[in-house]
Amino acid sequence: MTEALPKTYDPAGTEARWQAAWEAAGAFHPDPTAPGEPFSVVIPPPNVTGSLHMGHGFETALIDTIVRFQRLQGKNVLCLPGTDHASIAVQSILEKQIKAEGGSKDDLGRDAFLERAWAWKAESGGTIVGQLRRLGYSVDWKRERFTLDPGLNKAVVEAFVRLHEQGLIYRGEYLVNWCPASGSAVSDLEVEMKELDGHLWHFRYPLSGGATRDGLDHLVVATTRPETLLGDTGVAVHPTDPRYAALVGQTITLPLVGREIPIVADEHVDPAFGTGCVKVTPAHDPNDFAIGARHGLPLITVMAKDGSMNAAAGRFAGLDRFEARTAVVAAMEAEGFLVKVEPHRHSVPFSDRGKVPVEPLLSTQWFAKAEPLAARCREALDRGEPRFVPERWQKVYRDWLTDIRDWCISRQLWWGHRIPAWFVVSETGGVISDATPYVVARDAAEARAKAEAQFGRPLQLEQDPDVLDTWFSSGLWPFSTLGWPDENAADLATWYPTSVLVTGFDIIFFWVARMTMLAGAFTGRMPFADVMIHGLVRDENNRKMSKSAGNGIDPLPLIERYGADALRFALVREVAGAGQDIRLDYDRASGSSATVEGARNFANKLWNATRFALMNLGGETPASLGAPDPAALTLADRWILSRLARVNQDTAQRYGSYALGEAAKGLYEFAWNEVCDWTIELLKRRLYPRPATEGAALSPEALADQRVARQVLAKVLAELLVLLHPLMPHLSEELWHGLTGEPEGTFLALQPWPAVDQSALDASLEASFAELIEAIRVVRNLRAVAGLKPSQPAPVVFITGRPELAAVLRQASGDITALTRAVSVEVREPAGSGDAAASERTLAAVSGELQVLLPIEGLVDLDALRGRLEKDIAKAEKEIKGLAGRLANPNFASKAPPEVVAECHANLAEAEAQAGLARGRLAGLG
């Protein structure tokens, strides 16, 4: 016996109840030994510092739709959650807190600082996990991972040691991107280029000793960073530039410093840019570093790692880099070396985490050789591994793997995976220097054993204070979370490689390529079969959301207002195609979204439809009612069961091919229009039939037909809820329980996907019934034009030359009568019908190959109706005149935006059609 649902849907209460029930029952905690084809997803781990934003909401909706569908397919599904330790972000938060307390991390010491970091993580680091739960993520929270977990740390250490043993990790001094704010190197991928308005300063560099060559006694160079000229060790010109050919090999005297530096010829120089002369500062610019290496120029670092000028900067030592810029320009002007200053808009590299301009600085760091790792990925890609959806992102991925630079993997931070290298500081006076030997080991004991074997006893070891780039540990995520390096781990054996990675295009380089490179090195396989790339959620003005623009939309208030299911469904339904950005409309003043409200209205529609069913199934369930006898089905029954089978088939194909937006749109149209608007209306008269005479019992035939109607309604709704479950899990779970009467411990989430009833599929019937529905719409519209009251009956005449359509209309005459208040339904052949139609006062319309007539003589005031039609014609003609006049105006046609002109043409065509329709109806009245 099913229980009645409350009158109104309460998203908050429903969602919280089912989230708790699923988790308490371990519904999404799979057993690696369970039957079913394995299917696995590891979610992109959000930063532990983060809070839910719309991008998380969108990605969660996509991932959860995929995994819930695969679970319904009977697969052994693991969706594994976790968070990333976010080295720079966490350390920045803690350093600000400590500074506010009047201290510093160095005062605190490393061990105490890390204790504080773990305490912060325990207290504040779970915010985003709790927020993700609000979305109904069907992940296995019992397997939740954190990138600094002991097991994952073990994997990181093992990966580092193995790569070092293979010669793929090395230590060296190279130019790196240095973030003065965080005091750490950052990778190229953590650098964001920003367009800024700046200046281009032109300086005169005199030839040494007052020399003159070909009439030149100086060169003019231009720079956007005057403070770096203190570290210049050369000036470069192009080898074929005739202006400076005689000067190559000569020297200039560096202003303010007095150092003689050579003029070199290098093909990197663009002779058409500026004066064709380039200052070379190898220690402060990557291009200059390469020029310096080709010409053996010295490297002079004039900046400290905190962004201030060092002793090599001479009189500018101690100044902040930007203060030094102003001071150097002033000094160059005072000493007659400033030629001119030009406004200059250019790209400036910023640290993505530190939010300050990075400085290219020479630094001794740990590097991973990227090319051997990337080569494996390119070979796999040639075999189609992994498959990118949409396919166009495959080229972006391949391009990045080609001509790749080595990866700087060390960071000068405390919060993170400490590099498993121990320096033998007893060899270099107790301090770590670039010359200090080291050993790489899995732990301190192994390090000591290795060092003693190489250097003897006694010795002093000190572990490298640096930590690894967070992308190194997250690059291991698809297999470290499953138990690697334990090759016998049950989770690893069952669910690796994973099935699909769902992620944004903006981290193909950051993360996707890191994972494939490291997976290829350690497992010999790509870490996922498919990569589904999704777009961005854009704001109501179609702009990219960002903190700096202040245009983000917080999903939590929308969840509070409309429910998580409504937000999920709205976001997925907006997807026009895989990888496409979506736009979310949002009224910032009211905090409302018409799109999400529309999805909530859809939820209400489903709620009311299920309540209607519960009140009309006679207390039975789909199981107790059983399947209807095919021979007892009406035309409408056969139509909706055919549509149900086709939508089932189409939806499974769409879910399975990541066409999630198309799946959502198709289910919305089917549920709202075909099930709620038409099927329920068509079933109503059969669900509560009336006896032939007042007070008499229902006939056996009526009772049998009532049961068939109940069976059809129960089957359609029960199956529809399964189809919708991946998109709207809480609502569908609640309604399914109400409909089926199943106990709370039995979950829709774990039911099998309904088999497609192939015998029900009837494409011809679906097409004919679609025409029937349109015909009913036309009749209803004609009744509205005539001004008939809803309860007022009127005859309906259909004219068609297609026998199959005529047969459907005749067979469905009872449905037409019920839905249009028809006093009679007549289906005629075209031959001879013209005279009959002309002799009647009728309203007429055409739908495809069907003519629809509504005889209204004696039913309405014909003169009043003629008057209304004449007003409609006059109104349309006035609009036609105005629109035609605008389009005839050459100024409008040539100067208005194309979309405005196109809209004007469309409006004119619509007005002309309305005028023609009204004239035809007026003519039909005689």
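Residues numbered from 1 in each chain as written. Predicted model: local features only at pLDDT ≥ 70, side-chain atom pairs only at ≥ 80, totals over all residues. Heavy atoms only, no water.

### Topic: the side chain of Thr83
Defined as follows: Put simply, DSSP H or I for four residues or longer makes a helix, DSSP E for two residues or longer makes a strand, and each gets a number counted from the N terminus. Here the term buried applies to any residue with accessible area under 20% of the maximum for its type, exposed to any over 50%, and partly exposed to those in between, with areas from a 1.4 Å probe on protein chains only. For this analysis, residues touch if any pair of their heavy atoms sits within 4.5 Å.
Considering the arrangement of structural elements, one finds Thr83 in strand E3 (residues 82–83). Exposure remark for Thr83: the relative accessible area of 3% places this residue in the buried category. Look past the residues within four positions of Thr83 in its chain and what remains in contact with it is Pro45, Pro46, Val48, Ile128, Val129, Arg145, Phe146, Thr147 and Trp477.

### Section: unusual backbone geometry
Note the cis peptide between Arg457 and Pro458, where omega equals -15°. One can find Pro458 in the loop between helix H12 (444–455) and strand E20 (461–463). Of note, the amide linkage connecting Tyr496 to Pro497 takes the cis form, showing an omega dihedral of -5°. For Pro497, the location among the structural elements is in the loop between helix H15 (490–495) and strand E22 (498–504). A positive phi is found at Tyr658, a non-glycine position, where the angle reads about 65°. Within the secondary structure, Tyr658 sits in the loop between helix H21 (635–656) and helix H22 (660–687). Residue classification places Tyr658 among the buried positions, given a relative accessible area of 7%.

### Structural notes on the pairing of strand E9 (residues 234–237)
Remark: a regular strand shows side chains that alternate across the two faces of the sheet. Basically, it comes down to this: Note on pairing: two strands pair once DSSP finds at least 2 bridges between them.
On E9, burial covers both faces: Gly234 and Ala236 on one face and Val235 and Val237 on the other are all buried. With three bridges connecting them, E9 and strand E12 (residues 278–280) associate as antiparallel partners. Bridging across to E12, Gly234 finds its partner in Val280. The pairing of E9 with strand E11 (residues 260–265) spans three bridges and is classified as parallel. Bridging across to E11, Val237 finds its partner in Ala265.

### So, the pattern of salt bridges
Rule in force here: Each reported salt bridge corresponds to a side-chain nitrogen of Lys or Arg within 4 Å of a carboxyl oxygen of Asp or Glu.
Going through the model one piece at a time under the given rule, you end up with 50 salt bridges. Among the ionic pairs, Asp266 bridges to Arg294, the shortest N-O distance being 2.9 Å. A residue pair is termed long-range when its members are at least 10 positions apart, and Asp266 in the loop between E11 and E12 and Arg294 in helix H8 (residues 286–295) qualify at 28 residues. Classification of Asp266 as buried rests on a relative accessible area of 5%. Its salt-bridge partner being Glu877, residue Arg919 comes within 2.9 Å of it at the nearest N-O pair. Taken together, the positions of Arg919 in helix H31 (residues 898–924) and Glu877 in helix H29 (residues 862–888) put the pair 42 residues apart, joining distant regions of the chain. On the basis of relative accessible area, Glu877 is assigned to the partly exposed category, the value being 39%. If you follow the salt bridges from partner to partner, you end up with Glu158, Arg162, Arg442, Glu446 and Lys450 in one network.

### Some thoughts on the packing of H22 against helix H27 (residues 813–820)
Any two packed helices are characterised by the angle at which their axes cross and by the distance between the axes. The following threshold applies: Axis lines are fitted to C-alpha atoms, over the contacting stretch for helices. Their N-to-C directions set the angle, which ranges from 0 to 180 degrees. Orientation is classified from the angle alone, with under 35 degrees giving roughly parallel, over 145 giving roughly antiparallel, 65 to 115 giving roughly perpendicular, and any other angle giving oblique. Gly counts as polar in this scheme, as do all residues outside two lists: the nonpolar Ala, Val, Leu, Ile, Met, Phe, Trp, Tyr, Cys and Pro, and the charged Asp, Glu, Lys and Arg.
Where H22 contacts H27, the axes come no closer than 10 Å and their chain directions differ by 100°. As summarised for this structure, H22 and H27 are arranged roughly perpendicular, according to the angle between their axes. Together, Trp678, Glu681, Leu682 and Arg685 of H22 and Gly814, Asp815, Ala818 and Leu819 of H27 make up the contact between the two elements. For the contact of H22 with H27, the residue count by class is four nonpolar, one polar and three charged.

### A closer look at the packing of helix H1 (residues 11–25) against helix H24 (residues 729–740)
Taken N-terminus to C-terminus, the directions of H1 and H24 make an angle of 85°; their axes are 9 Å apart at the nearest point. Of the possible angle classes, the one that applies to H1 and H24 is roughly perpendicular. Here Thr14, Glu15, Arg17, Trp18, Gln19 and Trp22 of H1 lie close against H24, whose contacting residues are Pro729, His730, Glu733, Glu734 and His737. For the contact of H1 with H24, the residue count by class is three nonpolar, four polar and four charged.

### Points about the sheet that holds strand E10 (residues 251–253)
Strand order in the open sheet formed by four strands is E10-E11-E9-E12, with mixed pairing between adjacent strands. If you trace the sheet from one side to the other, it starts and ends with E10 and E12, each paired once. Sheet twist, expressed as the mean angle between neighbouring strand axes with direction ignored, is 35°. Where E10 meets E11, three bridges bridge the pair, whose relative direction is antiparallel.

### Some points on empty space enclosed by the protein
Basically, it comes down to this: Only protein atoms enter the calculation, which uses a 1 Å grid: trapped sets of points that fit a 1.4 Å probe without letting it out are cavities, open sets showing protein on both sides within 12 Å along at least five of seven lines are pockets, and any residue with an atom within 4 Å of a point is a lining residue. Grid points are joined across faces, edges and corners, and a volume is the space filled by probe spheres set on the points.
Here the structure, examined in full by the defined rule, presents five cavities of 30 Å³ or more. For the largest cavity, the calculated volume is near 70 Å³. If you trace the largest cavity, you find it lined by Ile43, Pro44, Pro46, His56, Glu59, Thr60, Ile63, Leu132 and Tyr137. Considering only residue class, the lining of the largest cavity consists of six nonpolar, two polar and one charged. Taken as a whole, the second largest cavity holds about 50 Å³ of empty space.

### Brief notes about the packing of aromatic side chains
Rules: The rule is short: rings of Phe, Tyr and Trp, with Trp giving its six-membered ring, pair when the centres are within 6.5 Å, and they are stacked under 30 degrees, edge-to-face over 60, tilted in between. Placement of a positive charge over a ring is assigned whenever Lys NZ or Arg CZ falls within 6 Å of the ring centre and within 35 degrees of the normal to the ring plane.
Taken as a whole, this structure holds 29 aromatic pairs when the rule is applied. Look at Phe69 and Tyr655: their rings are 5.1 Å apart centre to centre, the planes differ by 45°, and that puts the pair in the tilted class. Within this pair, whereas Phe69 is found in helix H2 (residues 54–72), its partner Tyr655 is found in helix H21, the two being separated by 586 residues in sequence. Residue Phe69 shares its accessibility class with Tyr655, and that shared class is buried. The structure contains a cluster of three or more aromatic residues connected by ring pairs, namely Phe160, Trp366, Phe423 and Tyr438. Sitting over the face of the ring of Trp414, Lys105 holds its NZ or CZ atom 3.9 Å from the ring centroid. The ring of Trp407 carries the charged tip of Arg514 above its face, separated from the ring centre by 3.8 Å.

### Some thoughts on the environment of His202
With respect to the helices and strands, His202 occurs in strand E7 (residues 191–206). His202 gets classed as buried once you look at its relative accessible area, which sits at 6%. Note: C-alpha distance between His202 and Lys340 (138 residues apart in sequence) is 5.3 Å. Here His202 is in contact with Val220, Val221, Ala222, Phe337, Leu338, Val339, Lys340 and Glu342, once residues within four sequence places are set aside.

### Considering the sheet that holds strand E18 (residues 421–424)
As summarised here, the arrangement of the three strands in space is E19-E18-E20, forming an open sheet in which the pairing is antiparallel. Two strands in the sheet have a free side with no partner beyond their single neighbour: strand E19 (438–440) and E20. On average, adjacent strands in this sheet sit at an angle of 30° to one another, irrespective of strand direction. Note: E18 against E20, three bridges, orientation antiparallel. Residue pairing in the sheet places Phe423 in a bridge with Glu462 of E20.

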